[in-house]
Amino acid sequence: MTQIQNQRSSLLSYAVGPESSAATIPQLVLSAAAQYPSRIALRADSGSLTYQELIYQSNAVFTWLHSVGIRPGTIVPVIAQRTLELPAVLLGILRTGAAYTLLDYRWPVERIKNLIETLKSPIYIVDDLHIEDAVLDIPASKVKFNDFFSIEEKNLSKIDSAEPEIAFDARSPAIVFWTSGSTGEPKAVVTPHAAVSRLVSPPGCIPFVETSTMIAAAAVPWDAFALELWTMLMIGGTSIMHGDDILLPHTIQHYIEAFGATHLFLTSTLFDVIAATQPTCFKGLRVLTVGGEKLNPHSCQRVYDVIPTLPIFNGYGPVESCVFATSHCVVSSDLNNTTDIPIGHPVPGTQILICDDGRIVPRGIVGEILIAGSGLAQSYLDRPDLTNQSFVFLTTSVGKLRCYRTGDLGKMDDDGTLHCLGRKDDQFKITGHRIEPREIEQVAYDCGFSRSIALKANSMSKPTVVLFVSRATNTESTEELQITLAKRLPAYMQPSSIHLVDTFPMTSNQKVDKRALLATYGYRV
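Just so we're clear, the structure is a prediction, and the values are computed from it rather than from any experiment. (Residues numbered from 1 in each chain as written. Predicted model: local features only at pLDDT ≥ 70, side-chain atom pairs only at ≥ 80, totals over all residues. Heavy atoms only, no water.)

Remarks on the overall build of the protein chain
- Looking only at helices and strands, one finds 16 helices and 28 strands in the protein chain.
- Counting across all 525 residues of the protein chain, residues that qualify as buried make up 58%.
- Contacts in the protein chain between residues at least 24 apart in sequence constitute 67% of all its contacts with a sequence separation of at least 6.
- Here the protein chain displays about 21800 Å² of accessible surface, and carbon together with sulfur accounts for 49% of that area.
- Measuring between centres, the 43 positive side-chain charges of the protein chain sit 5 Å from its 52 negative side-chain charges. (Helix = DSSP H or I, 4+ residues; strand = E, 2+ residues; numbered from the N terminus. Buried < 20%, exposed > 50% of the residue type's maximum accessible area, 1.4 Å probe, protein only. Contact = heavy atoms within 4.5 Å. Areas by Shrake-Rupley, 256 points an atom, 1.4 Å probe, with all protein chains shown as cover. Lys, Arg positive; Asp, Glu negative; His and termini not counted. Charge placed at Lys NZ, Arg CZ, Asp CG, Glu CD.)

Observations regarding helix α15 (residues 478-488)
- Restricting attention to buried positions, one finds in α15 the residues Thr478, Leu481, Thr484 and Leu485. With its buried residues spanning 110° around the axis, α15 presents them on a single face. α15 presents Glu479 and Lys487 as exposed residues on the side facing more than 90 degrees away from its buried surface.
- Looking at the buried residues of α15, the elements they touch are α14 (437-446), β27 (462-470) and β28 (497-500). (Arc of directions from axis to C-beta.)

Regarding the nonpolar core
- Ile125, Phe225 and Trp230 are the most contacted members of the largest nonpolar core, which has 87 residues in total.
- Considering each element in turn, this core owes the most residues, 10 residues, to helix α9 (residues 223-235).
- Leave out the neighbours within four places in its chain, and Ile125 touches Leu65, Val76, Pro77, Val78, Ile79, Val89, Ile93, Val143, Phe145 and Phe148.
- Membership of the second largest hydrophobic core comes to 29 residues, among which are Ile252, Ile274, Ala275 and Cys300. (Core = buried A, V, L, I, M, F, W, Y, C linked by side-chain atoms within 4.5 Å.)

Regarding the packing of aromatic side chains
- Using the criterion set out here, one finds eight aromatic pairs in the structure.
- Ring centres of Phe271 and Phe282 lie 6.2 Å apart, and the angle between their planes is 35°; on these two criteria the pair is classed as tilted. In this pair, Phe271 is assigned in helix α11 (residues 268-277) and Phe282 in the loop between α11 and β13 (287-291), connecting sequence segments 11 residues apart.
- Classification of Phe271 by relative accessible area gives buried; the value is 0%. (Phe/Tyr/Trp six-rings, centres within 6.5 Å; stacked < 30°, edge-to-face > 60°.)

Printed below as a string of structure tokens:
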């Protein structure tokens, strides 16, 4: 802890977002449903649900879960993909005071099993599409979606009057997200209700109105899915459940024309691809938001060339601050600087500090970006050591702040606009997923390789993960290593190539020269 000297904050790299809501996710969704019962809450090509129908379904889920003892403090795993039924299941979990975590059905079974065991939940829930895929040898009981909705109708009608008082508030855990861990094990990021509800506090993390309709196409375990789903349901808008794995340009245009889609979030990588090939598919949107990685100004220009009035927002934030900590509406002057588009100003309930050695630096000076406010995660589940490393307390002239150390370097303009200048450590992002290379490297070490280095590279203009290893005695082959990686890691973390290296190039201070290593094998840095 460092005492910040009492200086005028207007001269320091410290910015404060608007005040945020202290409501829970269910409070806001139920309020929206009371106001707009007949409005469409969810759409998909298979049909739609009104707010009244959504609450009716969530009543069934709540009743069932409460009857088997699901209470505050429980984290319920859900293995599912985007369907019309999924939001009711998640809302029903939240109404019990428990939290949920979404697991991707495409992840290796062993990974899913380990994560569920980590949570110590008495049950895990599987959607009706993947019941046979989720055969896990674990103590927890498997529950399928249909178990909830088979309750007799007469029981459902009583829930509103019989619903018990459950003690939880905006500070209570709501969602657990998973992020890559430096120890070789994924970290469970425990996120409170306030971190999600703050996203719609006026003026919002991006512009929303009660008639907004957002396409939900992010991977369900990702915090971006919480943006696409809950921001709409908390304000009375509509969320479109995209059923396929990939969101293609013609599908975007279909959702705009058929369902009136107004909002879309894309990772920077997917945005680059669509902007380069079919930027006209965004016509009809009111807001396009891009995040997860550095925003490419050339891609923005391609879109503005065909749709000059479409607002493009650059969103920034680690999962430890739930979706966005800052956002910035791209303007024409940003495109004159081909290396840096600002990441903007704090969203509601968020404070941003630029620090060096525990001190807030003056504006214009580069330092580490720290985030404070109601958007912060409570902890890494059962990892107080990692929590204390990443979440620190600073005593400032405006009081003591609990802050998350992002590991990102940044600086703040005189007007408080934030710029992100890269990473302090070795983490990187692929298609919006944050990757800790040590988690990949650990698999190689476990297989007997003497040295292992995972790097981000550009192959055929596409970002990818590549793994460089040195063989030791009793080492698996690279083919066997590839099989083991597929069993232990999700697809986005699996290397596209594995290279056996006899001698690693070294820098003058005897560290591996990663740039030279990539160049040796023909990769662009």
